[in-house]
Structures are given as structure tokens and as C-alpha cells.
Amino acid sequence: MEQPEQEMLAQADPDVYFFTDHYAGYPCILIRLSKIHPEDLRTHIERAWRLLALKRMIKEYEGR
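Analysis parameters
- Residue numbers run consecutively from 1 along every chain, following the written order of its sequence.
- Predicted model: local features are reported for residues with pLDDT of at least 70 only, side-chain atom pairs are reported and counted for 80 or more only, and whole-chain, interface and lining totals are derived from all residues.
- Heavy atoms from the whole structure form the basis of all side-chain values; hydrogens and water molecules are not counted.
- Aromatic contacts are taken between Phe, Tyr and Trp rings whose centres are within 6.5 Å, Trp giving its six-membered ring; a plane angle under 30 degrees counts as stacked, one over 60 as edge-to-face, and the others as tilted.
- Look at NZ for Lys and CZ for Arg. If either is within 6 Å of the ring centre and within 35 degrees of the ring normal, a charge sits over the ring.
- Only one rule defines a salt bridge in this text: a Lys or Arg side-chain nitrogen within 4 Å of an Asp or Glu carboxyl oxygen.
- Working definition: helices are DSSP H or I runs of at least four residues, strands are E runs of at least two. Numbering for both runs from the N terminus.
- The term nonpolar core refers to a set of buried residues drawn from Ala, Val, Leu, Ile, Met, Phe, Trp, Tyr and Cys, joined through side-chain atoms within 4.5 Å.
- Partly exposed residues are those whose accessible area sits between 20% and 50% of the maximum for their type, while under 20% is buried and over 50% is exposed, using a 1.4 Å probe and protein chains only.
- By definition in these notes, contact holds between two residues if any of their heavy atoms fall within 4.5 Å.
- Residues are called lining when one of their atoms sits within 4 Å of a cavity or pocket point, these points coming from a 1 Å grid over the protein atoms alone, where a cavity is a set in which a 1.4 Å probe fits but cannot get out and a pocket is an open set with protein on both sides within 12 Å along at least five of seven lines.
- Grid points are joined across faces, edges and corners, and a volume is the space filled by probe spheres set on the points.
- Three residue categories are used. Nonpolar comprises Ala, Val, Leu, Ile, Met, Phe, Trp, Tyr, Cys and Pro, charged comprises Asp, Glu, Lys and Arg, and polar comprises the others, including Gly.

(A) Broad picture of the packing of aromatic side chains. Enumeration according to the criterion identifies two aromatic pairs in this entry. Ring centres of Y23 and Y26 lie 6.1 Å apart, and the angle between their planes is 70 degrees; this geometry places the pair in the edge-to-face category. Against the face of F18 rests R32, its NZ or CZ located 4.1 Å from the ring centre.

Dropping the structure here:
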């Protein structure tokens, strides 16, 4: 996740998305699980998985 996207999420919904000094410079954002809509969380998890998954796995997933 790029820094502009991190900032946009944190500004758009600070009750859900935030970051701390500890994670400064890391390509991630912290999420309050008790506040995020389940479908939004699913989208974030799937997007992260797609960055690491093998092409074959993505193709198989999309075939379902």
C-alpha cells in the first residue's frame, strides 16, 4: 500500500483506519477490526493475497 493511499484511508475514515509512528515507512495501515465493515475487510485481505499469490492460484480462485 502506497503512502498516499494510507493517508487517504486514514483521513476518509479515521475511526477505522490509522497508523502509528512504529509503522511509519511500512506499506501498511492499521485497521480497527471492531469498526470495519466485513466486506471492506474482505476486499483488503483479498487484495493483499493477490499481491503474493501465484498466478495459477489466482486463476483457480477466479474460476470459482
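(B) Region of the structure containing the pattern of salt bridges. Counted according to the given criterion, the structure contains three salt bridges. Ionic pairing is found between E5 and R47, a salt bridge with its closest N-O pair at 2.5 Å. Taken as a pair, E5 in helix α1 (residues 3–12) and R47 in helix α2 (residues 38–52) lie far apart in primary sequence, 42 residues in all. Two residues, R50 and E46, come together in a salt bridge whose shortest N-O distance is 3.0 Å. In this pair, R50 and E46 both sit in helix α2, four residues apart, roughly one turn of the helix.

(C) Representation of the nonpolar core. L9, A10, V16, Y17, I29 and I36 together form the largest nonpolar core, which totals six residues. Non-local contacts of L9, meaning those with residues more than four positions away in its chain, are made with M1, Y17, I29 and H44.

(D) Summary view of the layout of surface pockets. Empty space within the largest pocket amounts to approximately 230 Å³. Lining the largest pocket, in full, are M1, P27, C28, I29, I31, H44, R47, A48 and L51. Top contributing element to the lining of the largest pocket by residue count: α2, with four residues. Counted by class, the lining of the largest pocket contains seven nonpolar, one polar and one charged residues. A volume near 160 Å³ is recorded for the second largest pocket. Here the lining of the second largest pocket is built from residues that sort into six nonpolar, four polar and two charged.

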